[in-house]
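Descriptive analysis of the structure
Here is what each chain is made of, one letter per residue.
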Amino acid sequence: MKKEMNTQERKQNNVIVIIFVVLLGVVLAVAIVLAVKKNRADIPAASIDENVAEESTEIEKWQEGTVSYNGKRYRYNTAIKTYLFMGIDKAGTVEEAEDGISGGQSDAMFLLVEDANTQKLSIIAINRNTMAMVDVYDEAGNYVGQRKLQICLQHGYGDGMRTSCLRTVDAVSRLFYQLPISGYLSLQMEAVPALNDAVGGVNVEVMDDIENEVLGVSLKKGETITLNGNEAYAYLRSRDLNEFASASRRLERQQQYLIGFLSQAKGTALTGERAVMQIYDSISDYMVTNIDFVDLVTEAKDYTFDDSCMYSVPGELLMGVQFEEYYVDDDALYEMIIDIFYEPVEE
């Protein structure tokens, strides 16, 4: 479902306009972790081994009651709202998938955490190769069962639109012990150049040599440059396929770019509503969302965000039989969830 902001609502508060653009920087984050297709995990056949059973273990809902950690009691912070942002590997604008397994992989997944108590925004990056329980469907859309697969595959099992997004929300929620997720947004990869150019480009000190003859891009390590759309696309997507875990280095560039984009987006917002709507319009056809942006930015208008508020799901990357597999460190994830989503209970 695509949502557009009502014209009258857009004119109500210039502060909302500014924060809206900042949040679009977060939207960009979900589109910039773009895997090179030669190295991605393909949607597996729909058939499932008879020995693979559906997940049946009861999982405590983190948002209910209290939990114990290191001898202390904690309660879920009900002032938090969490949103899932996804970058989808399909080209072009959003269209309904041709079958039940062609919805496109979510090669980028970020949780945006909005805490009304601390008035901070946090971002949690989820490695696209995180091994998690995924709901599997056949080409006709019939449910087959669950398998432990790369979490990026969940979006592929659906219509490429609302259904794919909702199934990915469920998979991410399971990964985070049934964490409540208030909304989602997915963005197709080809939105990146338009979004970059809509804010006038982003300044970076180039971290790696990047060459892309097709796009006419040649970036040299150490130079300071304002990236145009094609340069941003190459800078955020390129990696050495012969180097194991090269995506980690790419993620560093993406985080660097995101901070620069946020700064540039704030400046663009100050030039007026027209510039803001140019940004929104440049990505609207590439986007699927159920988020009410007006409510979101109204709630978050005084919130802060900086690089100290960026987290990653902890774990270890290993080479599987065919593709990379990222295994979550359960203890470290537990600790991170407590730190971000919970408050200590007064004794």
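Report on the accompanying structure. Counting of residues starts from 1 at the beginning of each chain's written sequence and follows it residue by residue. Under the rules for a predicted model, residues below a pLDDT of 70 receive no local features and side-chain atom pairs below 80 are neither given nor counted, while totals for whole chains, interfaces and linings still include all residues. The side-chain numbers reported here are obtained from all heavy atoms of the structure, hydrogens and water having been left aside.

**Some remarks on the overall build of the chain**
Looking only at helices and strands, the chain features nine helices and 17 strands. Note on exposure labels: buried denotes an accessible area under 20% of the residue type's maximum, exposed denotes more than 50%, and partly exposed covers the range between, all computed with a 1.4 Å probe on protein chains only. Burial status across the chain gives 52% buried among its 347 residues. Restricting to contacts in the chain with at least 6 residues of sequence separation, those with at least 24 account for 70%. With residues, only the protein chains shown are counted as cover, and all accessible areas are computed by Shrake-Rupley using a 1.4 Å probe. Surface summary for the chain: the accessible area is close to 16000 Å², and the carbon and sulfur share equals 43%. Under the DSSP-based scheme used, a helix requires at least four consecutive residues in state H or I and a strand at least two consecutive residues in state E, with every element numbered from the N terminus. Residues are treated as being in contact if the distance between any of their heavy atoms lies within 4.5 Å.

**Quick look at the sheet that holds strand β2 (residues 72–76)**
Within the open sheet, the three strands sit side by side as β1-β2-β17. Their pairing is antiparallel. On the outer flanks of this sheet lie β1 (66–69) and β17 (342–344), each paired with one strand and no other. Put simply, the sheet's adjacent strands are angled 40° from each other on average, direction ignored. Any two strands are treated as partners once DSSP identifies two or more bridges connecting them. Direction of pairing for β1 relative to β2: antiparallel, over a ladder of four bridges. Each residue of the ladder has a partner; that of Ser68, found in β2, is Arg73. Every axis in this analysis is a line fitted to C-alpha atoms, fitted for helices over the stretch in contact. Angles between the N-to-C directions lie between 0 and 180 degrees. Each of β1, β2 and β17 touches helix α9 (residues 330–341); the most contacted strand, β1, lies at about 125° to it.

**Some remarks on the sheet that holds strand β5 (residues 120–126)**
As summarised here, the arrangement of the six strands in space is β13-β8-β3-β4-β5-β14, forming an open sheet in which the pairing is mixed. In this open sheet, the two edge strands, each paired with only one partner strand, are β13 (287–289) and β14 (310–312). Looking at each pair of strands side by side, their axes are set apart by 20° on average, direction ignored. The sheet contact formed by strand β4 (residues 106–115) and β5 spans seven bridges and is antiparallel. Bridge pairing in β5 places Met109 opposite Ile126. Sheet contacts for α9: β3 (80–88), β4, β5 and β14; angle to β14, the most-contacted strand, approximately 155°.

**Brief notes about the side chain of Gln105**
Turning to its location among the elements, Gln105 is positioned in the loop between β3 and β4. Since its relative accessible area comes to 4%, Gln105 is described here as buried. Under this definition, polar contacts are N or O atom pairs within 3.5 Å; protein pairs additionally need one hydrogen-donor-capable and one acceptor-capable atom, and for neighbouring residues in sequence, both atoms have to be side-chain atoms. A distance of 2.8 Å separates the side chain of Gln105 from the side chain of Arg128, its partner in a polar contact.

**Focus: a negative patch on the surface**
Judged by side-chain charge, Asp329, Asp330, Asp331, Glu335 and Asp339 come together as a negatively charged surface patch. You can see Asp339 is positioned in helix α9. The exposure class of Asp339 is exposed, given its relative accessible area of 54%. Grouping into patches uses exposed residues only, defined as over 30% relative accessible area, and leaves out salt-bridged ones; the cut-off is 9 Å for like charges and 5 Å for nonpolar side chains (Val, Leu, Ile, Met, Phe, Trp, Tyr). For salt bridges, the criterion is a side-chain nitrogen of Lys or Arg within 4 Å of an Asp or Glu carboxyl oxygen. Asp and Glu count as negative and Lys and Arg as positive, but His and the ends of the chain are not part of the count. Charge positions come from single atoms, namely NZ of Lys, CZ of Arg, CG of Asp or CD of Glu.

**A short note on the packing of aromatic side chains**
Aromatic pairs are defined between Phe, Tyr and Trp rings, using the six-membered ring for Trp, whenever the two ring centres lie within 6.5 Å; interplanar angles under 30 degrees are classed as stacked, those over 60 as edge-to-face, and all others as tilted. Counted by the stated rule, this structure contains four aromatic pairs. Positioned above the aromatic ring of Tyr137 is the side chain of Arg167, whose terminal nitrogen or guanidinium carbon lies 3.6 Å from the ring centre. Lysine NZ or arginine CZ positioned within 6 Å of the ring centre and within 35 degrees of the ring normal marks a charge as sitting over the ring. Positioned above the aromatic ring of Tyr235, the side-chain terminus of Arg253 is 5.5 Å from the ring centre.

**Topic: the environment of Tyr342**
Counting through the fold element by element, Tyr342 comes out in strand β17. Linking Tyr342 and Asn77, residues 265 residues apart in sequence, is a C-alpha distance of 5.0 Å.

**Observations regarding the packing of helix α4 (residues 191–198) against helix α5 (residues 229–237)**
In contact at an axis separation of 8 Å, α4 and α5 are set at 125° when each is read in the N-to-C sense. One finds that α4 runs oblique with respect to α5. When the axes of α4 and α5 are compared, the crossing they make is right-handed. Contact residues: α4 offers Val192, Pro193, Asn196 and Asp197, while α5 offers Gly229, Ala232, Tyr233 and Leu236. Each residue gets one label: Ala, Val, Leu, Ile, Met, Phe, Trp, Tyr, Cys and Pro are nonpolar, Asp, Glu, Lys and Arg are charged, and the others, such as Gly, are polar. The residue inventory of the contact of α4 with α5, partitioned by class, reads five nonpolar, two polar and one charged. Here the angle decides the label: under 35 degrees means roughly parallel, over 145 means roughly antiparallel, 65 to 115 means roughly perpendicular, and every other value means oblique. The handedness criterion is simple: a crossing whose near helix is rotated anticlockwise from the far helix by less than a right angle is left-handed, and one whose near helix is rotated clockwise is right-handed.

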